[in-house]
Amino acid sequence: MSQTHPVSLSTDSIPVANDHTSRLPGWLVGILALWLMLLVWSFVRTPIPAVNEPHYMTKARHFWNPEWCDRDFFLSSSNPHLFFYVTVGWLTNFCSLHMATLTSRLFGLLIFAIGWSKLARSLVPGFAAAHLAMALFLLLQASVNFSGEWVIGGIESKVFSYGFGFWGIGSLLRKQPVWAGILLGLSIAYHPLVGLWLVLGLIFYALFANRFQLSKLIPLARHSILPAICLFITSLPGLWPALMVILDDAPAATKFAGDFLQVYQRLKHHLDPMEFEWWRYTAYAVMTVVLLLSYRFLSIRNHNESPESRTALRLLVGISLAALLFAFVGVLVGLRFVEPAQMPGLAWRVKLLKFYPFRLYDLILPAVLAIVLTRVLIVWLTNAEQDSLNVKRQSYLNFSLALSLFVVGITLPFGDRNSSRMPTQMRQDWLAACHWIEQNTSKDALFVTPRHSWAFKWFAQRAEYVSYKNCPQESAGILEWNRRLTYKYNWSVESYTDEIIDEQDLARLAQETQAEYLIATDTGSVSVDPIFVNSSYRIFSLKE
């Protein structure tokens, strides 16, 4: 019987033109192809502006030009993602928000493509294998998530963070610890929570892999000193501003109230495990079991696997299990059978939940599962052939499967194709109102907007009194955000009690908010003539 050997499909040099003297390195072609996949996915499924792009990009623009919408409550709040604003926001000095966002997507997705290539090629080095893993990952992300985490869509700090983080792990597997430290530091700089959870996952894997034995951990720690220094230095530009937000000098009661509102009101779909639907738990439990079975399969069938491949497999699965541990602890912390305010130990529970303990598990599990399943497919086909599978045949198969999964994923229904979440007519009316505001009001005007004020600052270029979507990060800012929302709601209830809004109601709103204009939906009776009206919205002047 012929012995089965693992397939290693090299892509070091792939011809890209008829000119035999003109060739691009295979790794570069592979990254460009991954980049193209990500760009198509991003722009087809999430047109600009995506759901969070107005949040990030208007903050970035205000950072570089504080006079722009200077009266906006959210834009004037703390900057926990300062490194993103610094490295991306300067584009808004030279081009529109749309062009700045487009450019940022190009660079962010390029970093992610490089990171994915470095990570995936450690276990699936064959031609189009990383692309097959990417297509499977995108399909999984489009189908299910655990706590609302996603990465490929619009641009925000976590796109860069995951890209640099994956790149750092890939460098670590290639025995480039200093580069790994630098890249993981950049991951923390762009998004401290994402980067730190990745680093914690690596630390937990190292502890478990070495069985907590000091004789093994001490030499490992010594060799990690220089990478750790590099990580610390490169993470500081983003880590320091985030720490300043967390360690502000607000009173303890203010911090607790802010944390409670963040966990159980504004971000409960990300932070409260009791809000996650049962099918999300089931789906991720199934994926975890499939990952463990795949790991077992590869461990048994791949006796001739290279030491590097075995190390990569153990590390990727190890990080996934560490992420599972973090998420499991998060579920235990958030588990309750009463209302949140009645939970025992509420203060420390809220403090722990605000750090997104489910975030790493939500994304790393489908990412690693996609890579491992791709490896399983290659090994299974090779063993089924009872000989080394023809390289060209395997390449065609990888490419065909990748293309098929990508097409399926990109055609699935997905809400971000309409990030406004508005019906067509209402969306057109909202854009028309915003355009009128930009053309007919002072640049320093302040607006009281409806609760669903999608991308108002993006399209109208004016400041908002408060926006439900745009919640500050510091405790005092969160409380003020909640106060403003509560006042706006109470004003609406009181003003509509007599089924008509009159001049006194508008005067009272102007005095409290110091705003010059009110945007109202076209419902209810008003005794004051609007200065703009369409089928969905009316704009009123609050100036005397």
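Residues numbered from 1 in each chain as written. Predicted model: local features only at pLDDT ≥ 70, side-chain atom pairs only at ≥ 80, totals over all residues. Heavy atoms only, no water.

Here we come to the pattern of salt bridges. This model, assessed by the stated rule, comprises 17 salt bridges. A salt bridge links K351 to D259, with the shortest nitrogen-to-oxygen separation between them at 2.8 Å. With K351 in helix α15 (residues 346–353) and D259 in helix α11 (residues 252–266), this pair connects stretches of sequence that are 92 residues apart. What makes K351 partly exposed here is its relative accessible area of 34%. Assessed through its relative accessible area of 3%, D259 is described here as buried. One salt-bridge network, in which partners are shared between bridges, spans E149, E156, K158 and R359. (Salt bridge = Lys/Arg side-chain N within 4 Å of Asp/Glu carboxyl O. Helix = DSSP H or I, 4+ residues; strand = E, 2+ residues; numbered from the N terminus. Buried < 20%, exposed > 50% of the residue type's maximum accessible area, 1.4 Å probe, protein only.)

For the rest of this paragraph, the subject is the state of the cysteines. Under the defined criterion, the tally for this structure stands at zero disulfides. Free of any disulfide, C69 has its nearest cysteine sulfur in C434, 11 Å distant. Lacking any disulfide linkage, C471 is separated from the closest cysteine sulfur, that of C69, by 18 Å. Owing to a relative accessible area of 7%, C471 belongs among the buried residues under this scheme. (Disulfide = S-S within 2.5 Å.)

Turning to helix α8 (residues 192–209), a few remarks are in order. A rise of 1.5 Å per residue sets the reference length of α8, with its 18 residues, at 26 Å; its end C-alpha atoms lie 25 Å apart and thus fit the reference within 8%. By the burial criterion, the buried members of α8 are P192, V194, G195, W197, L198, V199, G201, L202 and Y205. Among the residues trailing α8, R211 stands out with phi positive, at a value near 55°. (Expected span 1.5 Å × (residues − 1).)

Turning next to the environment of K457. The residue K457 is located in helix α19 (residues 456–460) in this model. Of the residues examined, K457 reaches a relative accessible area of 3% and is grouped as buried. Taking C-alpha positions, K457 is 42 Å from R121, a pair spaced 336 residues apart along the chain. Those residues within four positions of K457 in sequence are excluded, and the remaining contacts are T58, W68, D72, L75, R462, E464 and N470. Of note is the side chain of K457, whose polar atom sits 3.3 Å from the side chain of D72. (Contact = heavy atoms within 4.5 Å. Polar contact = N/O pair within 3.5 Å; in protein donor to acceptor, adjacent residues only side chain to side chain.)

Right, let's talk about unusual backbone geometry for a bit. Cis geometry is adopted by the peptide bond preceding P49, which originates at I48 and carries an omega value of 0°. Mapping P49 onto the fold places it in the loop between α1 (26–45) and α2 (53–64). One non-glycine residue, C69, lies in the positive phi region at around 50°. In this fold, C69 is placed in the loop between α2 and α3 (82–89). For C69, a relative accessible area of 3% translates into the label buried.

Looking now at the layout of surface pockets. Take a probe with the size of a water molecule and roll it over the atoms, and the empty space left behind shows itself. The computed volume of the second largest pocket comes to approximately 1,000 Å³. Forming the walls of the second largest pocket are 29 residues, and the residues nearest its centre are L172, L202, A206, L220 and S224. Of all the secondary-structure elements, those providing two or more residues to the lining of the second largest pocket are α6 (157–173), α7 (177–190), α8, α9 (214–223), α10 (225–246) and α14 (307–334). Sort the elements by how many residues they give to the lining of the second largest pocket and α8 lands first, with seven residues. In terms of residue class, the lining of the second largest pocket is made up of 21 nonpolar, five polar and three charged. (1 Å grid on protein atoms, 1.4 Å probe; cavity = no way out; pocket = protein on both sides within 12 Å on 5 of 7 lines; lining within 4 Å. Points joined across faces, edges and corners; volume = space filled by probe spheres on them. Nonpolar A, V, L, I, M, F, W, Y, C, P; charged D, E, K, R; others polar.)

This paragraph deals with the confidence of the model for the protein. With 92% of its residues at a pLDDT of 70 or more, the protein has an overall mean of 89. In this model, residues 1–21 is a region of pLDDT below 50 whose contacts with residues beyond four sequence positions or in other chains number 47 contacts. (pLDDT = per-residue confidence, 0-100.)

In the contact formed by helix α4 (residues 97–120) and helix α5 (residues 129–143), the axes pass within 10 Å of each other and the chain directions differ by 115°. When the axis of α4 is compared with that of α5, the two are roughly perpendicular. In this structure, α4 crosses over α5, and the sense of that crossing is right-handed. On the side of α4, the interface is formed by F112, W116 and A120, while α5 contributes A130, A133, M134 and F137. (Axes fitted to C-alpha atoms, helices over the stretch in contact; angles between N-to-C directions. Parallel < 35°, antiparallel > 145°, perpendicular 65-115°, else oblique. Left-handed = near helix turned anticlockwise from the far one by under 90°.)

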